[in-house]
Amino acid sequence: MFQRFRRTRQNKHLSALVRETQLSTNDFIYPLFVTFGEGIKTEVASMPGVFQMSLDEILKECADLKKMGLNSIILFGIPETKDSIGSDSLCDNGIIATAVKAIKKEHPEMFIVTDLCFCEYTDHGHCGIIDHVHETVDNDATLEISAQQALIHARAGVDMIAPSGMMDGIIETLRSALDEGGYPNLPIMAYSTKFSSGYYGPFRDVADSVPSFGDRTTYQMDPANRREAINESIADEMQGADILMVKPALAYLDIVRDVRENTSLPLAVYNVSGEYAMLKHAGNAGLIDYNRVMMETMIGFKRAGADIIISYHAKEVATLLGK
Ligand code: PBG
Ligand code: ZN
C-alpha cells in the first residue's frame, strides 16, 4: 500500500528532520509585574504561577530566568499611588524607572522591554489622560506625556519600549522623541494590532487597572475587523516601529497570518492573561494534559507566523524544552 504521508512519520529522527516549526527559549519574552515594598511575592488568584513582586524578588526572579535560558522580560509597574495623569510613570524615581535601573545594574545582560501605558498608573484606569468634556481619552494630550514616559524609560536604561495604549500616532511621536532625546538606537515594539478583549480580565486584576468608567473600545480594536487589523499594524510600520504585534493571540491567529503576509518586520504575539488562565485552570482541574496542550498552543503561534511569543507560560516552556 502506497503511504504518501505516513512514510516520514515512522522514525523520530526523520520526524525531526521534516518538522517545519521549532520552539526555542530565544522566542520568548516573559512578563513581570513589579510592585512597591520589599519581600513581596503575591500570587494572582486568577493566574496561578504569576506573581506581583517587589524589586528584591524581581532581581531573584531574573537570576532564575537566566538559568533557564530566558533572557528577555517585559516589565509592568504597579505604583504605590495613582492619580489622574499617572505621575508615577512620569518621574525618574517611579516604580518602572527604579526597577529598570536596578535590574540593569544586577543583570546587565537581561534584555528589558517596558510596557509604556498609563492604565496602571491612573486612578481612573484608562490608558491616557481624560478629556472630561467628551468623557474619553484625549489622544494628543496622551501622546505628549507618552513621549515623556518614553524618555524616562530610556534614561533608566531600558532595551526596548512597547507602547500598549493604542493612541493614534503613538509610534511616530515616540520615534521622534527618542531620536531627538538622544536615543536613536532604542527600538520600539508596537502593540500594533491590539483588540478590545475580554481576555485581558486577569491582567487587570494583577495590574489593578480596570477602567473606573466606560471601556477601552474607543482606542482598542473591534474584534470583528480584519482589514482594520492589518491597517493598524502597517500604519505602525510606516511610523517607524521595529517589531509589530498581534494581541490577544489564540482567537486571532488568522490576524497573525494576515499581518505576517503584509509585512516583513518581525512579528510578536501576546499570549494574554485570560488565555493563560484558561489553560492553567483546566490543567489544575485535570481536564487537559496541560504540558501537551500548552506546547501545542505555542507551536500554533509560530506556525501562524509569529517570531516572538510574549507569554506567562515561558518558564514552563523553557523547562520542557530543557528536558
Ligand atoms: C496595558 C496592557 C494590558 C495588557 C498589556 N498591557 C491591559 C489592557 O489593555 O487592558 C494585557 C495583558 C494581558 O492580558 O496579559 N494597556
Ligand atoms: Zn493601558
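See the structure shown above.
Conventions we followed
- Residues numbered from 1 in each chain as written.
- Chains lettered and ligands numbered in written order.
- Predicted model: local features only at pLDDT ≥ 70, side-chain atom pairs only at ≥ 80, totals over all residues.
- Heavy atoms only, no water.
- Helix = DSSP H or I, 4+ residues; strand = E, 2+ residues; numbered from the N terminus.
- Rg over C-alpha atoms; globule rule 2.2 N^0.38 Å.
- Buried < 20%, exposed > 50% of the residue type's maximum accessible area, 1.4 Å probe, protein only.
- Contact = heavy atoms within 4.5 Å.
- Areas by Shrake-Rupley, 256 points an atom, 1.4 Å probe, with all protein chains shown as cover.
- Lys, Arg positive; Asp, Glu negative; His and termini not counted.
- Charge placed at Lys NZ, Arg CZ, Asp CG, Glu CD.
- Polar contact = N/O pair within 3.5 Å; in protein donor to acceptor, adjacent residues only side chain to side chain.
- 1 Å grid on protein atoms, 1.4 Å probe; cavity = no way out; pocket = protein on both sides within 12 Å on 5 of 7 lines; lining within 4 Å.
- Points joined across faces, edges and corners; volume = space filled by probe spheres on them.
- Nonpolar A, V, L, I, M, F, W, Y, C, P; charged D, E, K, R; others polar.
- Donors = N, O, S within 2.8 Å, 3.2 Å for Na, K, Ca; no water.
- Tetrahedral: all angles 85-135°; square planar, octahedral: opposite > 155°, others 65-115°.
- Core = buried A, V, L, I, M, F, W, Y, C linked by side-chain atoms within 4.5 Å.

The next thing to look at is the overall build of the protein chain. Assigned secondary structure in the protein chain consists of 11 helices and 12 strands. Against the compact-globule benchmark of 20 Å for 323 residues, the protein chain has a radius of gyration of 20 Å, which places it among compact chains. Projected onto its principal axes, the C-alpha coordinates of the protein chain cover approximately 75 × 45 × 40 Å. Put simply, the protein chain has 323 residues, and 55% of those count as buried. In the protein chain, of all internal contacts separated by at least 6 residues, the share reaching a separation of at least 24 is 73%. Here the protein chain has roughly 14,600 Å² of accessible surface; of this, 51% comes from carbon and sulfur atoms. Within the protein chain, the 44 negative side-chain charges are centred at a point lying 13 Å from the centre of the 30 positive side-chain charges.

Another aspect to go through is the side chain of Thr263. Mapping Thr263 onto the fold places it in the loop between helix 8 (253-262) and strand 11 (267-271). Exposure remark for Thr263: the relative accessible area of 11% places this residue in the buried category. One polar contact links the side chain of Thr263 to the main-chain amide nitrogen of Leu265, over a distance of 3.0 Å. When residues no more than four places from it in sequence are discounted, the contact partners of Thr263 are Ile234, Glu237 and Leu244.

With that settled, the discussion passes to the layout of surface pockets. Volume-wise, the largest pocket comes out at about 260 Å³. Surrounding the largest pocket, Arg19, Glu20, Thr21, Gln22, Leu23, Ile299, Arg303 and Leu321 form its lining. Each residue belonging to the lining of the largest pocket can be placed in one class, and the counts come to 3 nonpolar, 2 polar and 3 charged.

So, on to the coordination of the zinc ion (ligand 2). Donor atoms from the polypeptide that bind the zinc ion (ligand 2) are Cys117 (SG), Cys119 (SG) and Cys127 (SG), placed at 2.2 to 2.3 Å. Coordination at the zinc ion (ligand 2) is tetrahedral: its 4 donor atoms span angles of 99 to 122 degrees at the metal. When the donor residues of the zinc ion (ligand 2) are listed from N- to C-terminus, their spacing reads C-x1-C-x7-C. Of the two residues, Cys117 is situated in the loop between strand 5 (111-116) and strand 6 (130-131) and Cys127 in the loop between strand 5 and strand 6; the sequence distance between them amounts to 10 residues. Classification of Cys127 by relative accessible area gives buried; the value is 2%.

Right, let's get into the nonpolar core. By size, the foremost hydrophobic cluster in this structure holds 98 residues, and its most contacted members are Leu32, Ile73, Leu75, Ile103 and Met189. Sequence-distant contacts of Ile73, defined by excluding residues within four places in its chain, comprise Ile29, Tyr30, Leu32, Cys62, Leu65, Ile103, Met110, Phe111, Ile112 and Val113.

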